[in-house]
Amino acid sequence: MGVLDHFSDVFDCSTGSSHHNKRKQLQTVEIKVKIDCEGCERKVRRSVEGMKGVTSVQIEPKQHKLTVVGYVEAHKVLSRVAHRTGKKVEFWPYVPYDVVQHPYAQGVYDKKAPAGYVRYSEDPRVNQLARASSTEVRYTTAFSDENPAACVVM
């Protein structure tokens, strides 16, 4: 910031405060909301289309997913959808199956997740599971197709 800019901000009499309005960043907000029919889809779409700063709205009814792109704040989009539709909403809690180290861990696997997705967990106990013990490894490799010395009965 130059000297002239600083003095113009200090001696600016046009507004009551001297701080700048920060511009919102373009972001993508993904929300999980239950969508049963076309009426629900229309209701959810109309709840966010009129918001200031929204550039696009995309709905995937089979995954119960709403994607909003625009110059908006995520928590405001979430609260507006909840208020206007009366539905239970939450931020999209799922990540692709390949991202998680242990997709079948207790805190990660979710039966309600769409195909190819598991629930995202920030719990360090879930993300850093202990390695399998030597006896577990021995039993699982004994019946493996990749092991040429595997069980002869198979």
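Here, the structure is the one placed above.
Residues numbered from 1 in each chain as written. Predicted model: local features only at pLDDT ≥ 70, side-chain atom pairs only at ≥ 80, totals over all residues. Heavy atoms only, no water.

Caption draft 1: Structural detail: the sheet that holds strand 1 (residues 27–33). Taken in spatial order, the 4 strands of this open sheet run 2-3-1-4, and their pairing is antiparallel. Edge strands, defined here as strands with exactly one partner in the open sheet, are strand 2 (54–60) and strand 4 (89–91). Neighbour-to-neighbour, the strand axes of the sheet open up by a mean angle of 25°, direction not taken into account. Strand direction decides the pairing type here: strand 1 and strand 4, joined by 3 bridges, are antiparallel. In the sheet register, Val33 faces strand 4, and the bridge partner there is Val89. (Pairing = 2+ DSSP bridges. Helix = DSSP H or I, 4+ residues; strand = E, 2+ residues; numbered from the N terminus. Axes fitted to C-alpha atoms, helices over the stretch in contact; angles between N-to-C directions.)

Caption draft 2: Just unusual backbone geometry, in detail. Non-glycine residue His64 carries a positive phi angle of around 55°. Looking at the element boundaries, His64 is found in the loop between strand 2 and strand 3 (65–70). The partly exposed category is assigned to His64, whose relative accessible area is 25%. (Buried < 20%, exposed > 50% of the residue type's maximum accessible area, 1.4 Å probe, protein only.)

Caption draft 3: Molecular detail of the layout of surface pockets. Volume-wise, the largest pocket comes out at about 240 Å³. Contributions of two or more residues to the lining of the largest pocket are made by strand 1 and strand 4. Of the residues that constitute the lining of the largest pocket, the class distribution is 4 nonpolar, 2 polar and 6 charged. (1 Å grid on protein atoms, 1.4 Å probe; cavity = no way out; pocket = protein on both sides within 12 Å on 5 of 7 lines; lining within 4 Å. Points joined across faces, edges and corners; volume = space filled by probe spheres on them. Nonpolar A, V, L, I, M, F, W, Y, C, P; charged D, E, K, R; others polar.)

Caption draft 4: Here's a closer look at the packing of helix 2 (residues 38–49) against helix 3 (residues 74–85). For the pair helix 2 and helix 3, interaxial distance at closest approach is 9 Å and the crossing angle is 130°. The angle between the axes of helix 2 and helix 3 places the two elements in the oblique class. As helix 2 packs across helix 3, the resulting crossing turns out to be right-handed. For the pair helix 2 and helix 3, contact is made by Lys43, Val44, Arg46, Ser47 and Val48 and by Val77, Arg80, Val81, Arg84 and Thr85, respectively. (Parallel < 35°, antiparallel > 145°, perpendicular 65-115°, else oblique. Left-handed = near helix turned anticlockwise from the far one by under 90°. Contact = heavy atoms within 4.5 Å.)

Caption draft 5: Highlighting helix 2. Between its terminal C-alpha atoms helix 2 stretches 16 Å, which fits the 16 Å expected from 12 residues at 1.5 Å a residue. Those residues of helix 2 that fall on the buried side of the exposure criterion are Cys40, Val44, Ser47 and Val48. Across the axial projection of helix 2, the buried residues extend over an arc of 85°, all falling on one side. Exposed side of helix 2, more than 90 degrees from the buried face: Glu38 and Arg46 are the residues found there. Looking at the buried positions of helix 2, the neighbouring elements they touch are strand 1, strand 2, strand 3 and helix 3. (Expected span 1.5 Å × (residues − 1). Arc of directions from axis to C-beta.)

Caption draft 6: Region of the structure containing the pairing of strand 2. Where strand 2 lies against strand 3, 6 bridges are found, and the strand directions are antiparallel. Within the sheet, the bridge partner assigned to Ser56 lies in strand 3 and is Val69. In this antiparallel pair of consecutive strands, strand 2 and strand 3, the connection spans 4 residues, and His64 shows a positive phi of 55°.

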